[in-house]
Every structure is written in C-alpha cells, then in structure tokens.
Amino acid sequence: MIAHSWEDTPVEVAMPPVAETRTVEGGGMTIAFERLAAGVETAPLFRGLPDDACQSPHWGYVLTGRLRVVATGGDEVVLHAGQAYYLAPGHNVVVEEDCELVEFSPAQARAATMEHAARALAAQGA
C-alpha cells in the first residue's frame, strides 16, 4: 500500500492514556502516527544510549498539541500544531500539551532506538 492512515496502521506501542504509536515501514523508512499525553518525557527511555538521547533522525508534522525538543548540545525548540520539523540524532522530547503527530524516520536507526526504549520500559515494569 502506498497510502496510510491512523486507522489502517498497526499498533506498535499502546499505553493508554499516555501514548499510542502506530507504524508501518516502506522504502527503508518508518511512518509513525503518534498520540502522546502531556507530561511524556523520552529521556528515561533513552538513558544508556550515546548522550542519553534518541539516535534516530526524524522528519515530521505536529497535527495537534505542543512538545519541547531538547538537543544534546542544550538547544531547545518548542513545536506546536501546524509545524513541520526535522530532528537530528541526539535529542529528547517533553510533551507539554497532548499532541498528535506523524513522523518519518530511517527504519534501521529508529528500530535500534526503539528496541532500547522497549527494554527501558520493561525494566520499569511498564
């Protein structure tokens, strides 16, 4: 299939009401539809990776809500509904307002980072 929507994309992570991610791969990329609740922070999930940060680049679009991106160099940017973005490897996210986004990432880099995050969640008992 060349077109995807929230409804037809398989669930990757389901932690209602905190987070739900649905993903599909194609052409070496992962398309991720994400719903994240205010207060979600990625730093604990990426602890142990270089700079304790996400190691995958992402291109995306914020559909609703607001999130803050913190780069390992200390730079921060707030993304809000209606904005497209590029995140270089070496970042963490803090969700400031419930949000929905669609994101595109190289499949291999994203998979390695998400495997680490899944182990961190399991260690937390989530």
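In this text, all values refer to a predicted model and were calculated from it rather than measured experimentally.

Concerning the pairing of strand β3 (residues 29-36)
- With respect to burial, β3 is a largely interior element, 6 of its 8 residues being buried.
- Note that strand β2 (residues 19-26) and β3 share 8 bridges and pair antiparallel. Bridged to G26 within β3 is M29.
- The turn linking β2 back onto β3 is made up of 2 residues, and G27 within it adopts a positive phi angle of 60 degrees.
- The sheet contact formed by β3 and strand β7 (residues 91-106) spans 8 bridges and is antiparallel. Among the inter-strand pairings, A32 is bridged to a residue of β7, identified as E103.

Considerations on the environment of H4
- Residue placement: H4 occurs in the segment before β1 (11-15).
- The sequence separation of H4 and D51 amounts to 47 residues, and the corresponding C-alpha distance is 33 Å.
- In contact with H4, other than residues within four places in its own chain, are T9, V24, I31 and F33.

Some words on a nonpolar patch on the surface
- On the surface, a cluster of nonpolar side chains totalling about 310 Å² of accessible area is made up of W59, Y86 and F104.
- By the element assignment, Y86 lies in strand β6 (residues 84-87).

Examining the packing of aromatic side chains
- One pass over the structure, following the stated rule, counts 1 aromatic pair.
- Between W59 and Y86 the ring centres are 5.1 Å apart and the planes differ by 45 degrees, which places this aromatic pair in the tilted class. Here W59, found in strand β4 (residues 58-71), pairs with Y86, found in strand β6; they are 27 residues apart in sequence, far enough to count as distant.
- On the basis of relative accessibility, which here comes to 46%, the residue Y86 falls in the partly exposed class.
- Just above the ring of W6 sits the side chain of R35; from NZ or CZ to the centre is 3.8 Å.

Thresholds applied
- Residues numbered from 1 in each chain as written.
- Predicted model: local features only at pLDDT ≥ 70, side-chain atom pairs only at ≥ 80, totals over all residues.
- Heavy atoms only, no water.
- Buried < 20%, exposed > 50% of the residue type's maximum accessible area, 1.4 Å probe, protein only.
- Helix = DSSP H or I, 4+ residues; strand = E, 2+ residues; numbered from the N terminus.
- Pairing = 2+ DSSP bridges.
- Contact = heavy atoms within 4.5 Å.
- Patch = residues over 30% accessible without salt bridge, like charges linked within 9 Å, V, L, I, M, F, W, Y side chains within 5 Å.
- Areas by Shrake-Rupley, 256 points an atom, 1.4 Å probe, with all protein chains shown as cover.
- Salt bridge = Lys/Arg side-chain N within 4 Å of Asp/Glu carboxyl O.
- Phe/Tyr/Trp six-rings, centres within 6.5 Å; stacked < 30°, edge-to-face > 60°.
- Lys NZ or Arg CZ within 6 Å of the ring centre and 35° of its normal.

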